[in-house]
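Listed here are the chains, written in short residue letters.
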Amino acid sequence: MNTNVNDMTVGSPARGILRFALPLVLGYILQQMYQVIDAAIVGRWIGVGALAAVGASSSINFLVMGFCNGSCAGFAIPVAQAFGGKDYHKMRSYVANAVRIAVAFAVVITLLTCMFCTKILGLVNTPADIFHDAWTFLFLQFLAIPFTMGYNLLSGFIRALGNSKQPFYFLIIASLVNIALDVLLILVMGMGVAGAGVATLLSQAFATLLCWLYIRGKMRLLIPTGEERRYDNKRVSILLNNGVPMGLQFSITGIGIIMLQSANNALGTVCVASFTAAMRIKYLFTCVFENIGVAMATYCGQNIGARKLDRIRRGVKDAIAIMLVYFVLTVIIIYPFADEMMMLFVKSGEQEVIDNAAMFMRIANYFYPALGLLTIFRYSIQGLGYSNLSMMSGVMEMIARCGVSLWLVPALAFKGVCLGDPVAWVFADLFLLPAFLWLYHHIKKTKATD
């Protein structure tokens, strides 16, 4: 077996999940760290208004980038399933056709988002005093879409073969590049918010290049040759059936987040800055849950390809145990130190921003087990090849966040904003838990009659 790949159909499920998830977790923590540093540099050296401008469009960014990243993750699932079934010819055909689809998506999405950038910011009630900076930052994020999709697609292929270490190493390098560019463009050259946007774009492009060079040099098992490069309508259909629902799931979730952020933006610049600071730290903690889920998508994909259903059940139980241990650690850190963490972004005199952001962090922390269950079951369903089913959980999240933004935010102000994520996670779990149990027994019954 090639040492650059990891067969998750054998050995201890818990060990395999941790071995796969750990580099992902470290990589995404690092990725979130440089976003924290972005926000800290902007907030402390440019001001609260600039921090609010960077965060005013975060929900829009989540919707667009969520579709791109979710689609690429979905394209990797048939690759993982073919690898688990040891059908390497089929696997490479999926790779070739996934690249075609991703290129088309990147071109169309980049053009449309750049064209409508101004209207998009108007739709989310962006305050007038930060509108220009918010437009500059968001436009640069949209220009980076081809590189974002490129990195997520190529790193998804690498992870589909069980190798989560190399994307982690590439994120380390990209994060260091991003931080260096932040210092150069914002602090030395005085480019302000535009400097943060350019730094992100260039670091994403560099990460994409590193993935491509690694595949060419070390994972040639993934490179299509001859007839494997041909357009295959059946495989394109399978890729779209996996990728588009996953992308739409994030976008549907993003609609709810946009509604919530629009309600928050209407509360004023202080609340926008509070939301921005809290979200940066929240993602630093919640990316662990997300990546336990990503590990489960590859784990379930490989094991369904190998027809090892009992390992899927054992893997889900082990993932839940890992998630609960991590939740206890977050409580130990977040509850006593939330205020201090928010002071990374603003000066100590901005007490209202600090208090609001710390409250957001603590309320969300109480509900982290609900988020952990959401990611485990959602990604497991996706790994089993039923992305359409998991998309419904995104609908539940959207409904919940829309309800919070329409009723709780007007009634409770920023405290209502703090309840947006927890209510959405619980609503999604109400669908996902019975859906996974039904799906597992359905697949088990179907395989038994094959």
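Notes on the structure follow. (Residues numbered from 1 in each chain as written. Predicted model: local features only at pLDDT ≥ 70, side-chain atom pairs only at ≥ 80, totals over all residues. Heavy atoms only, no water.)

### Here's the deal with the overall build of the protein chain
Thought 1: Secondary structure assignment for the protein chain yields 17 helices and zero strands.
Thought 2: Compactness check: the protein chain gives a C-alpha radius of gyration of 21 Å against a globular reference of 22 Å for 450 residues, within 12% of the reference.
Thought 3: Classification of the 450 residues of the protein chain by burial places 60% in the buried group.
Thought 4: Of the roughly 17500 Å² of accessible surface on the protein chain, a fraction of 68% belongs to carbon and sulfur atoms.
Thought 5: Each charge class in the protein chain can be summarised by its mean position, and for the 33 positive and 21 negative side chains these summaries are 12 Å apart. (Helix = DSSP H or I, 4+ residues; strand = E, 2+ residues; numbered from the N terminus. Rg over C-alpha atoms; globule rule 2.2 N^0.38 Å. Buried < 20%, exposed > 50% of the residue type's maximum accessible area, 1.4 Å probe, protein only. Areas by Shrake-Rupley, 256 points an atom, 1.4 Å probe, with all protein chains shown as cover. Lys, Arg positive; Asp, Glu negative; His and termini not counted. Charge placed at Lys NZ, Arg CZ, Asp CG, Glu CD.)

### Some thoughts on the packing of aromatic side chains
Thought 1: In total, this model carries 13 aromatic pairs according to the counting rule given.
Thought 2: Each ring, one from Phe83 and one from Tyr88, has its centre 6.0 Å from the other, and the planes form 40°; the classification is tilted.
Thought 3: Among the residues examined, Phe83 registers a relative accessible area of 2% and is labelled buried.
Thought 4: Taking NZ or CZ as reference, Arg235 lies 5.8 Å from the ring centre of Tyr94, over its face.
Thought 5: Against the face of Tyr335 rests Arg362, its NZ or CZ located 5.7 Å from the ring centre. (Phe/Tyr/Trp six-rings, centres within 6.5 Å; stacked < 30°, edge-to-face > 60°. Lys NZ or Arg CZ within 6 Å of the ring centre and 35° of its normal.)

### Let's talk about the layout of surface pockets
Thought 1: Of the voids in this model, the largest pocket is the one considered here, and its volume is about 450 Å³.
Thought 2: For the largest pocket, the lining is made up of 21 residues, of which Val99, Val103, Gly150, Leu153 and Leu154 are closest to its centre.
Thought 3: Of all the elements in the fold, those that place two or more residues in the lining of the largest pocket are α4 (88-115), α7 (145-160) and α9 (193-218).
Thought 4: For the lining of the largest pocket, the element with the highest residue contribution is α4, accounting for eight residues.
Thought 5: In this structure, the second largest pocket spans a volume of roughly 260 Å³. (1 Å grid on protein atoms, 1.4 Å probe; cavity = no way out; pocket = protein on both sides within 12 Å on 5 of 7 lines; lining within 4 Å. Points joined across faces, edges and corners; volume = space filled by probe spheres on them.)

### Things to note about the packing of helix α8 (residues 165-188) against α9
Axis angle and axis distance: for two packed helices, these are the angle between their axes and the distance between the axes, and together they describe the pair.
Thought 1: Axis separation between α8 and α9 bottoms out at 8 Å; the angle between their running directions is 155°. In terms of their interaxial angle, α8 and α9 are classed as roughly antiparallel. The handedness of the crossing between α8 and α9 is right-handed. Between α8, through Gln166, Phe170, Ile173, Ala174, Val177, Asn178, Leu181, Asp182, Leu185 and Ile186, and α9, the contact on the second element is made entirely by Gly195, Ala196, Val198, Ala199, Thr200, Leu202, Ser203, Phe206, Ala207, Leu210, Cys211 and Tyr214.
Thought 2: The class makeup of the residues in the contact of α8 with α9 is 16 nonpolar, five polar and one charged. (Axes fitted to C-alpha atoms, helices over the stretch in contact; angles between N-to-C directions. Parallel < 35°, antiparallel > 145°, perpendicular 65-115°, else oblique. Left-handed = near helix turned anticlockwise from the far one by under 90°. Contact = heavy atoms within 4.5 Å. Nonpolar A, V, L, I, M, F, W, Y, C, P; charged D, E, K, R; others polar.)

### So, the nonpolar core
Thought 1: Core analysis: the largest hydrophobic core is formed by 132 residues, its most contacted members being Val79, Phe142, Leu161, Leu222, Met342 and Tyr368.
Thought 2: Top contributing element to this core by residue count: helix α11 (residues 269-305), with 20 residues.
Thought 3: Counting residues in each nonpolar core, the second largest holds five residues, with Phe137, Ile186, Val193 and Ala196 among its members. (Core = buried A, V, L, I, M, F, W, Y, C linked by side-chain atoms within 4.5 Å.)

### So, the pattern of salt bridges
Thought 1: Taken as a whole and judged by the stated rule, the model has eight salt bridges.
Thought 2: Here the salt bridges share partners, and the residues they tie into one network are Lys282, Arg378, Glu397, Arg401 and Asp421. (Salt bridge = Lys/Arg side-chain N within 4 Å of Asp/Glu carboxyl O.)

### Examining the environment of Met296
Thought 1: Relative to the assigned elements, Met296 resides in helix α11.
Thought 2: Residue Met296 is classed as buried on the basis of its relative accessible area, which comes to 0%.
Thought 3: Through-space distance from the C-alpha of Met296 to that of Val316 is 7.6 Å; in sequence the pair is 20 residues apart.
Thought 4: For Met296, the contacting residues outside a window of four places in its chain are Ile17, Gly315, Val316, Ala319, Ile376, Tyr379 and Ser380.

### Brief notes about the packing of helix α3 (residues 58-84) against α7
Thought 1: Running from N to C, α3 and α7 point in directions that differ by 25°, and their axes come no closer than 8 Å. Put simply, α3 runs roughly parallel to α7. In this structure, α3 meets α7 at a crossing whose hand is right-handed. Judged by residue contacts, Val64, Met65, Cys68, Asn69, Cys72, Phe75, Ala76, Val79, Ala80 and Phe83 of α3 engage Ile145, Thr148, Met149, Asn152, Leu153, Gly156, Phe157 and Ala160 from α7.
Thought 2: A breakdown of the residues in the contact of α3 with α7 according to their chemical character gives 14 nonpolar, four polar and no charged.

### Remarks on unusual backbone geometry
Thought 1: The phi torsion at Arg307 lies on the positive side, around 60°, for a residue other than glycine.
Thought 2: If you check the backbone angles, Ala413 has positive phi at about 60° while not being a glycine.
Thought 3: Of note, Ala413 is situated in the loop between α15 (387-412) and α16 (414-418).

### Observations regarding the environment of Ala96
Thought 1: Following the sequence through the fold, Ala96 ends up in helix α4.
Thought 2: Residues Ala96 and Leu111, spaced 15 residues apart in sequence, show a C-alpha to C-alpha distance of 24 Å.
Thought 3: Setting aside its immediate chain neighbours within four residues, Ala96 contacts Pro224, Glu228 and Arg229.

### Focus: the state of the cysteines
Thought 1: In the structure shown here, the tally under the stated rule is zero disulfides.
Thought 2: Unpaired in this structure, Cys68 has its nearest cysteine sulfur neighbour in Cys72, at a distance of 7.0 Å.
Thought 3: Cys114 takes part in no disulfide bond, and the closest cysteine sulfur to it belongs to Cys117, at a distance of 7.1 Å.
Thought 4: Judged by its relative accessible area of 16%, Cys114 falls in the buried class. (Disulfide = S-S within 2.5 Å.)

### Overview of the side chain of Ser203
Thought 1: Counting through the fold element by element, Ser203 comes out in helix α9.
Thought 2: At a separation of 3.0 Å, a polar atom in the side chain of Ser203 contacts the main-chain carbonyl oxygen of Thr200. (Polar contact = N/O pair within 3.5 Å; in protein donor to acceptor, adjacent residues only side chain to side chain.)

### Side note on the environment of Leu202
Thought 1: Locating Leu202 in the fold gives a position in helix α9.
Thought 2: By relative accessible area, Leu202 is classed as partly exposed at 41%.
Thought 3: Distance in space between the C-alpha atoms of Leu202 and Leu185 is 12 Å, their sequence separation being 17 residues.

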